[in-house]
Amino acid sequence: MAALWLVVLVGATGYELSVRSRSRRLAVANMLEHTAALAAADAALETVRGQLAMRLGQPLDARPTATPPIDRWSDLGLLSRDTITLGEARAWPRVYDAGARIQLNRVTENDLRRFLVALPLDAGEADRLAQRIQDWRDLDDFRRARGAERDDYLRAGAKRLPANADFSRVEELRDVDGMTPDLFARISPLVTVLGTGQINVNTAPRAVLLSLPGMGDEAVAAIVRAQVSRRPIRSIEELTTMLSSGARSSLVESMSELQGRVVFESREVVVEAEGWLDGSPVHAREEALLARGGDAMFTIGRRTLQ
């Protein structure tokens, strides 16, 4: 009987060791695959970074032209967006102008409310959601009139509580009270957590433009027409010449506030890159914010995403 129990004990011990050994092998394999995937993502990011740097290094066409020279970081869609092959590794870069999106950590409550109404959302729902987004990221636990703070989330049995800090990822918006999957799908392509928050008049879509003070339907329609015809606007003063007296007056009243809030060229570009190995479920993502100053380019921030 003792010998039988000994056999069982040895078998059980051997099984446990084999399970642990297999778990460790899988952990090591996943780590190696993640390292290779991260290297592929890094290569894709550097490819795009090099393309942007080359654009700044190329002199603008000096020949006379009826239209002003285009922004050297315009047409970001023409940059490499195909899958990059590196042996068994693959990577896919995605590029966007940070100035074409609302910066969640810089936007004011009023701007956010105007943006949500422009999506469009019902004015009451837009007001409520704007306050709850701001309550999520402000540093205190004082609830806005129609907002929501920690106690409200606890009573509702929420899985995640307000961070009381800046959004680190756009995906955090999913946890804000009142945010539905459908609404998040509409908002997420138009917001970012990177950049200074300055809006690029020549690349921003309608809803983002309408978030700005003084920007009414007529002014935004004029901007969109200029975007479609590929004739970039160079200043707020130039924009006022395209408007009727009423729309012009509204814009002029907000001129001092707008001057520091808008730009007319792509100055901040976000590059997201995802890497993986053929046949592997392990993916790695990197993200970088690249900014330009004249003909120089700077990497403002770079991080690995979980």
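Placed above this text is the structure.
Cut-offs and rules
Residues numbered from 1 in each chain as written. Predicted model: local features only at pLDDT ≥ 70, side-chain atom pairs only at ≥ 80, totals over all residues. Heavy atoms only, no water. Helix = DSSP H or I, 4+ residues; strand = E, 2+ residues; numbered from the N terminus. Contact = heavy atoms within 4.5 Å. Areas by Shrake-Rupley, 256 points an atom, 1.4 Å probe, with all protein chains shown as cover. Phe/Tyr/Trp six-rings, centres within 6.5 Å; stacked < 30°, edge-to-face > 60°. Buried < 20%, exposed > 50% of the residue type's maximum accessible area, 1.4 Å probe, protein only. Lys NZ or Arg CZ within 6 Å of the ring centre and 35° of its normal. Pairing = 2+ DSSP bridges. Axes fitted to C-alpha atoms, helices over the stretch in contact; angles between N-to-C directions. Arc of directions from axis to C-beta. Core = buried A, V, L, I, M, F, W, Y, C linked by side-chain atoms within 4.5 Å. Parallel < 35°, antiparallel > 145°, perpendicular 65-115°, else oblique. Left-handed = near helix turned anticlockwise from the far one by under 90°. Nonpolar A, V, L, I, M, F, W, Y, C, P; charged D, E, K, R; others polar. Salt bridge = Lys/Arg side-chain N within 4 Å of Asp/Glu carboxyl O. Patch = residues over 30% accessible without salt bridge, like charges linked within 9 Å, V, L, I, M, F, W, Y side chains within 5 Å.

Q: Residue-level account of the overall build of the protein, with values.
A: Of the regular secondary structure elements, the protein holds ten helices and nine strands. In the protein, 60% of the contacts between residues at least 6 apart in sequence involve partners at least 24 apart. If you sum the accessible surface of the protein, you get close to 16,500 Å²; carbon and sulfur atoms cover 56% of it.

Q: Which residues make up the packing of aromatic side chains, and what values go with them?
A: Tallied over the entire structure, the rule returns one aromatic pair. Summarising the aromatic geometry, the rings of Trp-136 and Tyr-153 are spaced 5.5 Å apart at their centres and angled 70° between planes, so their arrangement reads as edge-to-face. Placement of Trp-136 in helix H3 (residues 123–137) and of Tyr-153 in helix H4 (residues 150–155) is noted, with a sequence separation of 17 residues between them. For the pair formed by Trp-136 and Tyr-153, the shared burial category is buried. Against the face of Tyr-96 rests Arg-101, its NZ or CZ located 3.6 Å from the ring centre. Above the face of the Trp-73 ring, Arg-292 is positioned so that its terminal group lies 5.8 Å from the ring centre.

Q: With reference to specific residues and values, describe the sheet that holds strand E7 (residues 268–277).
A: In spatial order, the strands read E1-E2-E7-E8-E9; together these five strands make up an open sheet with antiparallel pairing. The sheet terminates laterally at strand E1 (84–86) and strand E9 (296–305), the two strands that pair on one side only. Along the sheet, successive strands turn relative to each other by an average axial angle of 25°, direction set aside. As paired strands, E7 and strand E8 (residues 283–293) are joined by nine bridges and run antiparallel to one another. Residue Ala-273 lies in a different strand from E8, and its bridge partner there is Glu-286.

Q: Please give an account of helix H2 (residues 109–118) that cites residues and values.
A: When H2 is considered as a whole, its buried residues turn out to be Asp-111, Leu-112, Phe-115, Leu-116 and Ala-118. Considered in projection along H2, the buried side chains sweep an arc of 160° and stay on one side of the axis. Among the structural elements, strand E3 (102–103), H3, helix H5 (181–187), strand E4 (191–192) and helix H6 (206–209) are those in contact with the buried residues of H2.

Q: Please set out the nonpolar core residue by residue, giving values where relevant.
A: Ranked by internal contacts, the top residues of the largest apolar core, which has 56 residues, are Phe-115, Leu-116, Leu-119, Leu-129, Leu-173 and Ile-187. Setting aside residues up to four positions removed in sequence, Leu-119 forms contacts with Leu-183, Arg-186, Ile-187, Leu-190 and Ala-207. Among the nonpolar cores identified, the runner-up in size contains 21 residues, and Ala-40, Leu-45, Trp-73 and Ile-84 belong to it.

Q: Tell me about the pairing of E8, residues and numbers included.
A: For E8, the tally of buried residues reaches eight of eleven residues, placing the bulk of the element in the interior. From the end of E7 to the start of E8, which pair antiparallel, there are five residues, and Gly-279 there has a positive phi angle of about 80°. Pairing of E8 with E9, which is carried by nine bridges, proceeds in the antiparallel orientation. Of the residues in E9, the one forming a bridge with Gly-293 is Ala-296. In sequence, E8 turns back onto E9 through a hairpin of two residues, with Gly-294 there showing a positive phi of about 65°.

Q: So what's going on with the environment of Ile-300? Residues and values would help.
A: Locating Ile-300 in the fold gives a position in strand E9. With ten residues separating them along the chain, Ile-300 and Leu-290 place their C-alpha atoms 5.8 Å apart.

Q: Tell me what's going on with the packing of H2 against H3, and back it up with residues and numbers.
A: Where H2 meets H3, the closest approach of the two axes is 8 Å, and the angle between their N-to-C directions is 140°. On the basis of their axis angle, the class for H2 and H3 is oblique. In the crossing of H2 with H3, the sense of the turn from one axis to the other is right-handed. Seen from H2, the contacting residues are Glu-109, Leu-112, Arg-113, Leu-116 and Val-117; seen from H3, they are Ala-123, Ala-126, Asp-127, Leu-129, Ala-130, Gln-131, Ile-133 and Gln-134. Each residue belonging to the contact of H2 with H3 can be placed in one class, and the counts come to eight nonpolar, two polar and three charged.

Q: Could you give an account of the pattern of salt bridges, naming the residues involved and the relevant values?
A: Using the criterion set out here, one finds 28 salt bridges in the structure. Salt-bridge contacts for Arg-137 lead to Asp-166; the nearest nitrogen and oxygen are separated by 2.9 Å. On the criterion of sequence distance, the pair formed by Arg-137 in helix H3 and Asp-166 in the loop between H4 and H5 is long-range, its members being 29 residues apart. Taking the relative accessible area as the measure of exposure, Arg-137 reaches 17% and is therefore buried. The partner of Arg-155 in a salt bridge is Asp-152, and the shortest N-O contact between them spans 2.8 Å.

Q: Run through a nonpolar patch on the surface, naming residues and quoting values.
A: Taken together, the side chains of Val-28, Met-31 and Leu-32 make up a nonpolar region of the molecular surface, amounting to roughly 300 Å² of accessible area. Mapped onto the elements of the fold, Leu-32 is located in helix H1 (residues 2–57).

Q: Describe the pairing of strand E2 (residues 89–97), listing the residues and the values that go with them.
A: Across the nine residues of E2, seven count as buried, placing the element largely inside the fold. Across three bridges, the pairing between E1 and E2 is antiparallel. Counterpart to Ile-84 in the pairing with E2 is Ala-91. Counting the residues between successive antiparallel strands, the hairpin from E1 to E2 contains two residues, one of them, Gly-87, with a positive phi of roughly 65°. Direction of pairing for E2 relative to E7: antiparallel, over a ladder of nine bridges. Considered in E7, the bridge of Ala-91 is made with Gly-275.

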